[in-house]
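# Summary of the model geometry
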Amino acid sequence: MTKDRINKIIDECKDKESLSQLLAKLNKESEEIPKEAVRKLSKRLNVPASEIQRLQEINRLEQEFLKGTKDEEIGVHSDLFSARSNIDGQDGGVASTLLVSGIESGSFDAAIVVTRRKGYDAEAAIARNRNEVIAARGTKYLRVRTTPKLKELTSKGIKKIAIIGTPCEVLTARKIQQTIKRETPDAKIAIIGLFCMEAFNRDKLKEEITRLLAVDIDKSDKTQIRKGVFTVKIGEKEYSCKVKELNNAVEKACHYCKDFSARLADISIGSAGAPKGYSTVVVRSKTGEKLLKNMKTAKAEVEKDEIARLSKFKRERAERNLDLLNQKAAKKTE
Ligand SMILES: Cc1cc2nc3c(=O)[nH]c(=O)nc-3n(C[C@H](O)[C@H](O)[C@H](O)COP(=O)(O)OP(=O)(O)OC[C@H]3O[C@@H](n4cnc5c(N)ncnc54)[C@H](O)[C@@H]3O)c2cc1C
Ligand code: SF4
């Protein structure tokens, strides 16, 4: 693309809202936006150059892997519904059902999941059959790195893999997939993303739950966040507090994270927008569409506005926190 053409397109970008569309347009026509153009945009819109580069990378990944219409808050998707399966999962059990049906139909040889370790600790694990997937069901509200297992499996020559993760891990998984695609073109990776407002530091969460609810989270059978309330279930008893009260235990990185709905996944799953006991399902790619074909679920309506509202809330919260961080850094250098 010529310099004149790039400048003309950039001149059309008058505000931050049209930045994402502009980058998509540029990505379609050019391999790389010249640094000079990034600097010009950054100055005009008062957006850090690093943010423009981040958005550009996301746009590229969307164009390479996803299919559907792009909603500014929810991201690219071709279908959005809520569903419930016969697996008793965190919400509608859809995440586990997708993995089981993928393994049983031969779409995956292995699935990367998250299992509970001792107490409320958790770690990434590899599941190769129905029982192993079901043993890993349920949300652990911790930031768990699942992507190292992706490298581990591909280095062993395993080519059909499903990976589940929070939006931050989904982004990493997509980047790894780009490399895998180059090195092993016949590899098939399916990325299942979970909605995520925040995750907690395990030790601090244990401390806060003991202080607020006088129970030991290590003994919990299930934890659940719904409509701003954190609930710990131990046997038949439930203990709840507001998620806001756990702010001290939130992982630092989560304060600056803008992605609620795992925008780069093949399928994103959460509870927001779905009736109680159902999972919200966002289908974002051909791979996602194929995975759903073999799956038996009961479908229901979804509140799309609620997902958009939470996505916007998380994005704006991160922007405010990043502004504060930049202001602090600027003061230090004064
Ligand atoms: C840290 C975190 C925060 C979340 N916050 C929200 C939220 O704010 N709003 C919302 O609507 N939904 C949120 N979710 C998603 C929600 O809790 C459910 O995981 C989702 O609805 C899927 O439910 P299910 O019944 O289909 O899952 P299940 O069938 O029970 O399967 C859950 C799958 O997730 C995997 N898993 C569990 N913990 C983790 C983890 N820490 N990292 C990666 N994989 C994991 C399990 O191994 C299992 O495969 C969050 C999830 C996590 C992990
Ligand atoms: S809030 Fe963001 S950084 Fe934190 S666990 Fe969720 S996706 Fe990862």
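Let me sum up the structure you'll find in this document. Just so we're clear, the structure is a prediction, and the values are computed from it rather than from any experiment.

## Considerations on the site of ligand 1
- Taken together, 35 residues lie near ligand 1, and Gly89, Ala95, Ser96, Met197 and Gly270 sit nearest.
- Listing elements by their share of the shell around ligand 1, those giving two or more residues are α5 (94-104), β4 (110-116), β6 (160-165) and β11 (267-270).
- In terms of residue count, α5 provides more of the shell around ligand 1 than any other element does, three residues in total.
- Each residue belonging to the shell around ligand 1 can be placed in one class, and the counts come to 19 nonpolar, 13 polar and three charged.

## Concerning the sheet that holds strand β10 (residues 237-242)
- In spatial order, the strands read β8-β9-β10; together these three strands make up an open sheet with antiparallel pairing. Every interior strand has two partners, whereas the edge strands, β8 (222-226) and β10, have only one. Adjacent strand axes in the sheet meet at a mean angle of 20°, parallel and antiparallel pairs treated alike.
- Where strand β9 (residues 229-234) lies against β10, six bridges are found, and the strand directions are antiparallel. Looking at the pairing, Val229 lines up with Lys242 of β10.

## Details of the sheet that holds β11
- If you trace the eight strands from one edge of the open sheet to the other, you get β5-β4-β6-β7-β11-β12-β3-β13, paired in mixed fashion. With one partner strand each, in any of the chains shown, β5 (122-127) and β13 (298-300) form the two edges of the open sheet. Looking at each pair of strands side by side, their axes are set apart by 30° on average, direction ignored.
- Strand direction decides the pairing type here: strand β3 (residues 79-84) and β13, joined by three bridges, are antiparallel. When the sheet's bridge partners are listed, Ser82 is paired in β13 with Ala300.
- The sheet contacts of helix α7 (residues 147-155) involve β4, β5 and β6, and relative to β6 the element is tilted by about 170°.
- On the sheet, helix α8 (residues 167-183) packs against β6 and β7 (188-194) and is oriented at approximately 170° with respect to β7.

## Focus: the environment of Val114
- Inspection of the secondary structure puts Val114 in strand β4.
- Spatially, the C-alpha atom of Val114 lies 38 Å from that of Leu22, the residues being 92 residues apart in sequence.
- Setting aside residues no more than four positions away along its own chain, Val114 makes contact with Ala122, Ala124, Ala125, Ala136, Lys140, Val144 and Thr146.

Calculation rules
- Residues numbered from 1 in each chain as written.
- Chains lettered and ligands numbered in written order.
- Predicted model: local features only at pLDDT ≥ 70, side-chain atom pairs only at ≥ 80, totals over all residues.
- Near = placed C-beta within 6 Å.
- Helix = DSSP H or I, 4+ residues; strand = E, 2+ residues; numbered from the N terminus.
- Nonpolar A, V, L, I, M, F, W, Y, C, P; charged D, E, K, R; others polar.
- Pairing = 2+ DSSP bridges.
- Axes fitted to C-alpha atoms, helices over the stretch in contact; angles between N-to-C directions.
- Contact = placed C-beta atoms within 7 Å.

None of the figures reported here should be taken as evidence of function without further support.
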